[in-house]
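Summary of the model geometry
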Amino acid sequence: MGTLIVDVIEAHDLIAADDTGFSDPYCTLGPVSEEGKREKQKTKVITKSLDPVWNEQFTFDLESKREGFSLRLWDWDQFTVNDPLGTASIDVASLPDNTQQDLVLPLEGVEKGTLHIKALFKPDAPSATGAAKVLPLTEAERRVKEVALIKEENRKLRAAIADIAFNATSIPKLDGPYDRVALQREMTFAKRNHATVVVPPLKPFVWCNPVSGVDPSLLAPGSITMDWSAYPPVAMGKEMRRKHFLLHSGFLNASSYGALPKAVLEAINKWEILIQQNPFLFRMKTFPAQMQKVVAKVCDFIKADPQNFQFVLNANAATSSVLKSISWAPGDRIVVYNLDYEATHHACAWLKKYHAVETVEIHLSLPLTHEEILEQTEAELKKIVASGPLPKLFNFCHVTSRTAYIFPARELVALSHKYNIPVCVDGAQAPGHIPINVAEVNSDFYLGTLHKWCFASQGTAFLVVAPHMQRFMTPLTVSPYFGAGFLKEFGCFGNHDYALWCSLEQSFEFVERVCGGWDRVYEYGYALANECITMLEGQWHTRIFQKPGLFGRMPIIPLPNGIFVADPAVKQIMGRLALCNEITCFLVLIPIKGIPTVGIRISCQVFNDLSEVKKMAKAINEMNGNYSAINAIRHFASDALM
């Protein structure tokens, strides 16, 4: 037995693993155990260098001088697997005792590179009987050894689980991490009790572990029943609103907070009652079974892989989860558009304040065609890449909020990936508004909401994360399953109203049973949007703000005499329409030929009809274009209309 002291001094002439022409090298080192598993220690990362200098010292306890000892150099990467820069080894048996050796080791497995180290082996002093002297461990050393033993035990257990789960042909392949955790617990229990492990048939992905020691008949998945005959199909528009919603006439702002059908409200109430009958059994059995159904339904709708999907409470939580999971350093950069959602710009300000991250804003002047958006974006990305470090993220909206503009998401993602920049697509306004295919968009992150256009409750948003990004993702709230992987961490981040997520099944049933399917929903909304455009353009003699085909079901029509209207006046107009005319709509300042102009954003949902828009137009006409004089509603909470 003895101690090996290794000084990692420096490396020279390393290969360049990054597109910048440099690497971000660090070194891992340690003895090789009998199983071939290395007990590693590592140096710090030296960024952007081919000749890094560390000058760090490491100490290892060896069982004998015959043990192998390996050193590996790596290029650190934030978002991808670290790249190997070469390996070297120390022949400990050839080292003289108590004499430090200065070694320059050629790197193997790569074309070039050397590693400069110093090595010193100190044998343990023999006792009076000739045996090696064993010194009592300090408390800190004892804890370190205990942790090392636990880690090794866990490693062997994981290897056994992997061998059983993935190599045994008679056992179905695992589809998710939760059954793996349950199996690990069973194997640990059996091992402690010297029992033989019998692997049960593995089930598909579930949202929590089964309950042991409980009569299975008591755990039959519960559900609710709906009498859909009470909610018959009706014509869209006024009849749909009166029969199936609690809304008053004049609600033209569904894209902000959405609206719940009566059937979904009944479903939420029934789910709440079911939860209260036995909250424990609901959480352990009913909820996992229901979430499997709901996740499958939502993922089929947005065309996403369930293994990459998780629910979150809102779009801001999804964006914040992405931004706070990235390891930022001072000087890092994030790219956004000037048209992105206000909350995203606030999040970028947070990054600047707490991490010294630079926000690079691409300025677009709408209206533009998709081709013009792509052309201008690529020109700006070229400048950004050439002017500094590669941005760690490009964030943009699939459908912008204020300007209601549909962006070419798939093409923008491909363009950003061309320059090796990861992408987060904010699709808060997309699901249910326009058909989407998250898999085809192919972004690293895609987030969306279901309450705006999908007849679901607020608190139903989602985050889709590409597999190569999941390893560093973590929810905003530290999960009870911290470290158990993306699906389980995000699947359990604290208690909330689970009835809202469970009732998504009934939200989608409402579309199929009452509305006649999503195609009919889209067709009605598009047709109503075009009717609104024709009618308002004829009355106001203004032109729709967006380019043809890029407004979906949210056209923006400039108001008559709407140029140079100040923001406070815009809020006063919304207040007057809401409180005096019972019309809820969203007005926005848009640049038309560089001139700020107030326009109305109309959300065309299945419960809207042209008569509501005519009522709104009449109220606007009665103002006679004198918007700045509207001053009656000073304290109206106009921000809530966004």
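Every value quoted in this text rests on a predicted model; they were computed, and no experiment measured them.

Procedures and definitions
- Residues numbered from 1 in each chain as written.
- Predicted model: local features only at pLDDT ≥ 70, side-chain atom pairs only at ≥ 80, totals over all residues.
- Heavy atoms only, no water.
- Helix = DSSP H or I, 4+ residues; strand = E, 2+ residues; numbered from the N terminus.
- Buried < 20%, exposed > 50% of the residue type's maximum accessible area, 1.4 Å probe, protein only.
- Contact = heavy atoms within 4.5 Å.
- Pairing = 2+ DSSP bridges.
- Axes fitted to C-alpha atoms, helices over the stretch in contact; angles between N-to-C directions.
- Salt bridge = Lys/Arg side-chain N within 4 Å of Asp/Glu carboxyl O.
- Phe/Tyr/Trp six-rings, centres within 6.5 Å; stacked < 30°, edge-to-face > 60°.
- Lys NZ or Arg CZ within 6 Å of the ring centre and 35° of its normal.
- Core = buried A, V, L, I, M, F, W, Y, C linked by side-chain atoms within 4.5 Å.
- Expected span 1.5 Å × (residues − 1).
- Parallel < 35°, antiparallel > 145°, perpendicular 65-115°, else oblique.
- Nonpolar A, V, L, I, M, F, W, Y, C, P; charged D, E, K, R; others polar.
- Polar contact = N/O pair within 3.5 Å; in protein donor to acceptor, adjacent residues only side chain to side chain.
- Left-handed = near helix turned anticlockwise from the far one by under 90°.
- Lys, Arg positive; Asp, Glu negative; His and termini not counted.

Once that is clear, we can look at the overall build of the chain. Looking only at helices and strands, the chain features 17 helices and 18 strands. Of all 642 residues assigned to the chain, the portion counted as buried reaches 50%. Partitioning the contacts of the chain with sequence separation of at least 6, the portion at a separation of at least 24 is 70%.

The strands that make up a sheet are held in pairs by hydrogen bonds between backbone atoms, and each pair lies either parallel or antiparallel. On the basis of which strands lie adjacent, the open sheet formed by seven strands has the order 9-15-14-13-12-10-11 and mixed pairing. Bordering the open sheet on either side are strand 9 (309-312) and strand 11 (358-362), each of which pairs with just one other strand. Strand-to-strand twist in this sheet, taken as the mean axis angle between neighbours without regard to direction, amounts to 20 degrees. Here strand 10 (residues 333-337) runs beside strand 11; their pairing, made up of five bridges, is parallel. Directly across from valine 336, in strand 11, lies its bridge partner glutamate 361. The strands touched by helix 6 (residues 279-302) within the sheet are strand 9 and strand 15 (461-465), with strand 9 carrying the most contacts at an inclination of about 105 degrees.

Per the stated rule, a full pass over the model turns up 14 salt bridges. Two residues, glutamate 380 and lysine 383, come together in a salt bridge whose shortest N-O distance is 3.6 Å. Taken together, the residues glutamate 380 and lysine 383, both in helix 9 (residues 370-387) and three residues apart, mark about one turn of the helix. For arginine 410, the salt bridge is made with glutamate 440, and the minimal N-O distance between the two is 3.5 Å.

Once that is clear, we can look at the pairing of strand 8 (residues 114-123). As judged from the 10 bridges shared by strand 1 (residues 2-12) and strand 8, these two strands associate in the antiparallel manner. Bridging from a neighbouring strand, leucine 4 pairs with phenylalanine 121 of strand 8. For strand 7 (residues 101-106) and strand 8, the ladder comprises six bridges, and the chain directions are antiparallel. When the bridges of strand 8 are listed, valine 104 appears paired with histidine 116.

A few words on the packing of aromatic side chains. Under the criterion given, the structure shown has 26 aromatic pairs. Through successive ring pairs, a cluster of aromatic residues spans Phe245, Phe251, Phe301, Phe455, Phe508, Phe510, Trp518, Tyr522, Tyr526 and Phe607. Lysine 42 extends its terminal NZ or CZ atom over the ring of tyrosine 26, reaching a point 5.6 Å from the ring centre. Here lysine 324 stacks its cationic end above the ring of tryptophan 350, 4.7 Å away from the centre of that ring.

Another point: the nonpolar core. The nonpolar side chains of a soluble globular protein tend to be buried, and buried together. Within the largest apolar cluster, 125 residues are counted, with the highest numbers of intra-cluster contacts made by Phe311, Leu587 and Met616. The element that contributes the greatest number of residues to this core is helix 15 (residues 518-540), accounting for 10 residues. Those residues in contact with leucine 587, other than ones at most four positions away along the chain, are Leu559, Val570, Ile573, Met574, Leu577, Val598, Gly599 and Ile600. Counting residues in each nonpolar core, the second largest holds 27 residues, with Cys348, Ala428, Val465 and Phe490 among its members.

On to helix 16 (residues 567-580). Counted at 1.5 Å a residue, the expected span for helix 16 with its 14 residues is 20 Å, and the 20 Å between its end C-alpha atoms agrees. The set of residues buried in helix 16 consists of Ala569, Val570, Gln572, Ile573, Met574, Gly575, Leu577 and Ala578. On its buried face, helix 16 is in contact with strand 17 (586-592), strand 18 (595-601) and helix 17 (610-621).

Another point: the packing of helix 14 (residues 504-515) against helix 15. In contact at an axis separation of 8 Å, helix 14 and helix 15 are set at 75 degrees when each is read in the N-to-C sense. As judged from the angle between their axes, helix 14 and helix 15 are roughly perpendicular. Only Trp518, Arg520 and Val521 of helix 15 make contact with helix 14, whose side of the interface consists of Phe508, Val511, Glu512 and Cys515. Partitioning the contact of helix 14 with helix 15 into residue classes produces five nonpolar, no polar and two charged.

Moving on, we get to helix 15. Given a rise of 1.5 Å per residue, 23 residues ought to cover 33 Å, and the 32 Å separating the end C-alpha atoms of helix 15 matches this to within 8%. In the core, the buried residues of helix 15 are packed alongside helix 6, helix 14, strand 16 (556-563), strand 18 and helix 17. Directly after helix 15, the chain includes histidine 541, whose backbone phi takes a positive value near 60 degrees.

Attention shifts here to the environment of serine 479. The topology assignment puts serine 479 in the loop between strand 15 and helix 12 (486-491). Sequence-wise, serine 479 and phenylalanine 493 are 14 residues apart; in three dimensions their C-alpha atoms are separated by 4.5 Å. With near-sequence residues (within four places) excluded, serine 479 lies in contact with Lys488, Glu489, Cys492 and Phe493. A distance of 3.2 Å separates a polar side-chain atom of serine 479 from the backbone oxygen of glutamate 489.

A cis amide bond links leucine 366 with the next residue in sequence, proline 367, at an omega value of 5 degrees. Its location among the elements puts proline 367 in the loop between strand 11 and helix 9. Of note in the backbone geometry, lysine 48 takes a positive phi value of approximately 50 degrees without being a glycine. Here lysine 48 lies in the loop between strand 3 (41-42) and strand 4 (53-62).

Moving on, we come to the packing of helix 5 (residues 262-277) against helix 14. Remark: helix 5 packs on helix 14, axes separated minimally by 9 Å, with the N-to-C direction vectors making an angle of 155 degrees. By the criterion of interaxial angle, the relationship of helix 5 to helix 14 is roughly antiparallel. In the crossing of helix 5 with helix 14, the sense of the turn from one axis to the other is right-handed. The residues of helix 14 that touch helix 5, namely those facing Val264, Ala267 and Trp271, are Glu505, Gln506 and Ser507.

We now examine the side chain of lysine 452. Mapped onto the elements, lysine 452 comes out in the loop between strand 14 (445-449) and strand 15. Within the buried set, lysine 452 has no salt-bridge partner at all; the shortest N-O distance to an opposite charge, 8.5 Å, is to aspartate 426. One polar contact links the side chain of lysine 452 to the main-chain carbonyl oxygen of serine 255, over a distance of 3.2 Å. Within the local environment of lysine 452, its side chain forms a polar contact with the backbone oxygen of serine 256, the two atoms lying 3.0 Å apart.

Looking at the element boundaries, valine 45 is found in the loop between strand 3 and strand 4. Overall, the relative accessible area of 34% leaves valine 45 in the partly exposed class. Considered as a pair, valine 45 and serine 23 are 22 residues apart in the sequence and their alpha carbons are 9.9 Å apart. Look past the residues within four positions of valine 45 in its chain and what remains in contact with it is Asp24, Pro25, Tyr26 and Trp76.

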